[in-house]
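Chains, contacts and geometry: an overview
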Amino acid sequence: MTATASRSVFTKTNKGSLEITERAHGLPARLRRALILVDGARDTSAISAMMPGEDMERMLGELQTMGFIQNGTGGAPTARIEPVRAAAPAPIAAVIPLEPAAVPAPAPVSAETMPAAAPVASGLDTALIHQVKVLMIESAQQFLGLMAKPLIAEIEAVHDAISLKTAIARWNISLRQSHKAAQHADQYVLAVKTLVGI
């Protein structure tokens, strides 16, 4: 990986965000995990550290070619919230409305663009919970085989931050107890903690 490539920062496109929630394109598990980790903040080398042994430059290149991600500096400009400017004072003779003027709602902040170190709130974003569940389920399927079935059922039942933390703890222990998964456990746990900000 070249120094320039290792510093590349990518963001998900609309197609990439839809793939995370709807699995419309049937990405292979490895590409899907790489797509989940693309957040517009981590560069290629940081993502590579979370998926050791993978050719991250090639995988991100594939995702970009397929239209799931775009270069964070070269793609369409990211929407930003402009500060609301105070209106000029109304003339004394003007009629003052009883209701405040409508102010456009700020653009929603997606889970993908949240800062990686954001603290976990009790009302954790459902899209973010879904991404974490996908990563946990796919890693359990890959490393734990048939033994993963009860754990996957528990992960699928997660619906809030409290049940997510419990599931993360059990998933973490299961990975560390597996001979096949133990060497990768730290990277997967780091990826999940980074996504939820814990």
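Preceding this section is the structure that the text describes.
What comes next concerns the included structure. (Residues numbered from 1 in each chain as written. Predicted model: local features only at pLDDT ≥ 70, side-chain atom pairs only at ≥ 80, totals over all residues. Heavy atoms only, no water.)

Further remarks concern the overall build of the protein. On a plain count of helices and strands, the protein comes out with nine helices and two strands. When its helices and strands are written in sequence order, the protein yields α-β-α-α-α-α-β-α-α-α-α. Among the 198 residues that make up the protein, the fraction classed as buried is 37%. Of all intrachain contacts in the protein linking residues separated by at least 6 positions in sequence, the fraction that spans at least 24 positions is 68%. When the accessible surface of the protein is split by element, carbon and sulfur atoms take 60% of a total near 11800 Å². (Helix = DSSP H or I, 4+ residues; strand = E, 2+ residues; numbered from the N terminus. Buried < 20%, exposed > 50% of the residue type's maximum accessible area, 1.4 Å probe, protein only. Contact = heavy atoms within 4.5 Å. Areas by Shrake-Rupley, 256 points an atom, 1.4 Å probe, with all protein chains shown as cover.)

Moving on: the packing of helix 7 (residues 149-156) against helix 8 (residues 161-177). Here helix 7 crosses helix 8 at 160 degrees, and the two axes come no closer than 9 Å. Between helix 7 and helix 8, the angle is such that the two are roughly antiparallel. Both helix 7 and helix 8 take part in a crossing whose hand is left-handed. Taken together, the residues of helix 8 that come into contact with helix 7 (itself represented by Leu-151, Glu-154 and Ile-155) are Thr-166, Ala-167, Arg-170, Trp-171 and Ser-174. Taken together, the residues of the contact of helix 7 with helix 8 break down into four nonpolar, two polar and two charged. (Axes fitted to C-alpha atoms, helices over the stretch in contact; angles between N-to-C directions. Parallel < 35°, antiparallel > 145°, perpendicular 65-115°, else oblique. Left-handed = near helix turned anticlockwise from the far one by under 90°. Nonpolar A, V, L, I, M, F, W, Y, C, P; charged D, E, K, R; others polar.)

Here we take up the nonpolar core. Ranked by size, the top nonpolar core spans 46 residues in total, and within it Leu-63, Val-132, Met-136, Leu-164 and Trp-171 carry the most contacts. Looking at this core, the elements that each hand over two or more residues are helix 3 (29-37), helix 4 (44-50), helix 5 (56-65), helix 6 (126-144), helix 7, helix 8 and helix 9 (182-196). Examining the composition of this core, we find that 10 residues originate from one element, helix 6, more than from any other. In this view, Trp-171 contacts Met-136, Ser-139, Ala-140, Leu-151, Ile-155, Tyr-188, Val-189 and Val-192; residues no more than four positions away in its chain are not counted. (Core = buried A, V, L, I, M, F, W, Y, C linked by side-chain atoms within 4.5 Å.)

For the rest of this paragraph, the subject is the environment of Leu-195. Summarising the element assignment, Leu-195 is placed in helix 9. The class of Leu-195 is buried, set by a relative accessible area of 12%. Along the chain, Leu-195 and Gln-131 lie 64 residues apart, while their C-alpha atoms are 8.2 Å from each other. Setting aside chain neighbours within four positions, we find Leu-195 in contact with Ile-36, Arg-42, Leu-128, Gln-131, Val-132 and Leu-135.

Any link to function would need more than the numbers given here.
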